[in-house]
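So you can see what is in the structure, the chains are spelled out below.
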Amino acid sequence: MNWFRRTLAVVVAVALLASGCGGDDDDSSVTTIGLLSAALADTAAAPSHRVSVSVGTQWKVLGEEFTTGIDEQSPVLVCEANSEREHCTFDMSKLIESLFGFSFWPDDLDDLGIEIWVHQERIVVDTSAIQPLVDYGPDLDMGPLAPGVFFIDLTALETGSSELMEAVSGSSTPDLREMAKSLPAALTVIEQTSTDPPSFVGTTTSARLIDALGGDVEADALCDAAELGTPSLTDSDELDELIAQFYETNTAEVVIELDERGLLSVLWTKEDNSGLLRILAEYGSLDTELSEQERQEAQEAIELFESAEFIVATRVAYESDADLEVPQPPPTADDRTQEWREFFPECG
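What comes next concerns the included structure.

Procedures and definitions
- Residues numbered from 1 in each chain as written.
- Predicted model: local features only at pLDDT ≥ 70, side-chain atom pairs only at ≥ 80, totals over all residues.
- Heavy atoms only, no water.
- Helix = DSSP H or I, 4+ residues; strand = E, 2+ residues; numbered from the N terminus.
- Buried < 20%, exposed > 50% of the residue type's maximum accessible area, 1.4 Å probe, protein only.
- Areas by Shrake-Rupley, 256 points an atom, 1.4 Å probe, with all protein chains shown as cover.
- Polar contact = N/O pair within 3.5 Å; in protein donor to acceptor, adjacent residues only side chain to side chain.
- Phe/Tyr/Trp six-rings, centres within 6.5 Å; stacked < 30°, edge-to-face > 60°.
- Pairing = 2+ DSSP bridges.

Next up on the list: the overall build of the protein. Tallying secondary structure elements over the protein gives 13 helices and 12 strands in all. Counting across all 348 residues of the protein, residues that qualify as buried make up 48%. Accessible surface, the protein as shown: approximately 17,000 Å² in total, 49% of it carbon and sulfur.

This part takes up helix H3 (residues 92–100). Within the sequence span of H3, burial applies to Met92, Ser93, Lys94, Leu95, Ile96 and Ser98. Looking at where H3 begins, the residue whose side-chain oxygen comes 3.3 Å from the main-chain nitrogen of Ser93 is Asp91.

In this structure the tally under the stated criterion is two aromatic pairs. Between Trp59 and Phe310, the aromatic rings sit 4.1 Å apart at their centres with planes inclined by 25°, giving stacked as the arrangement. Note that Trp59 is positioned in strand S1 (residues 48–61) and Phe310 in strand S12 (residues 309–320), a separation of 251 residues in sequence. Both residues of the pair, Trp59 and Phe310, belong to the buried class. Ring centres of Phe246 and Tyr247 lie 5.9 Å apart, and the angle between their planes is 55°; this geometry places the pair in the tilted category. Across this residue pair, the class does not change: Phe246 and Tyr247 are buried.

Moving on: the pairing of strand S4 (residues 86–91). As paired elements, strand S3 (residues 77–82) and S4 share five bridges and run antiparallel to each other. Looking at S4, one finds that Cys79 is bridged to Cys88. In sequence, S3 turns back onto S4 through a hairpin of three residues. Bridge count between S4 and strand S5 (residues 113–118): six bridges; the pairing is antiparallel. Bridge pairing in S5 places Cys88 opposite Ile116.

Relative to the helices and strands, Tyr247 is located in helix H10 (residues 237–249). Taking the relative accessible area as the measure of exposure, Tyr247 reaches 9% and is therefore buried. Spatially, the C-alpha atoms of Tyr247 and Arg208 are 8.4 Å apart, while their sequence positions differ by 39 residues.

Shown next, in the form of structure tokens:
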């Protein structure tokens, strides 16, 4: 349940990407990087845009394969942004189904969603649609995400906690102005595969991709260790380092498509995270507080993950639209700033 609550918390923190709105040295690569940078910068100059994020996964365990293709018509996250505000809708049910290959919710829990509005001074969140989840599990503690419409005062967070402010105001769709510089430079291999419209294929590491998209590799490793490690090992610097090293060496595939105007159209990424599962399983077996039965289960998990595969693909579609109208947030006097300050998980 901690994982579930952290997922919801992270939605508020990372669904704000659009609001902010080394490579090879040969001549062809330099030209390609320049073309990409210009395209991303031009996209960032658009007065308003829509960002849609879709997720697909592939699991292979004990010879059985479970695959969810990327559903372009049913994205997990949609954000609309202009110079004044941003509005995001997050489909929680779709995310769970996309990650695990099936929906384990009862039928009446298939439409769980959260809406978020971001302004310069406050975030408004509507969690009314998750009321069926609370009805299904009355003992479920949703903390400050209890169904309702509330706001988080960003000015209060800024004066009270710089770390929390940084986390809450971070983004899941990077600031395109920053990405125009960081993403092309992060690709260790890059080539243009089409000219009409322009398309590019590149490879990098998970760590370089995280950095290029505005993330923090060490913070991600810390969160993974804290959330997925066993309780007595979550403070282990060694586990943090192992996960960070995995990101530093793991290969990430990137495809960038431009539209007919030369603006960013679609960003695809694909990463094989199978090795991360093995790290967590092997390290968990070292827990000195495990019972004999738990130790046996840990060993079985290691054997299971030795041949397991876990591949995650994402599709982020950008649509520049000068006439896009971003809806106003609903009125609310429910201030949950302090509750979020106390609740927001600081990994590790």
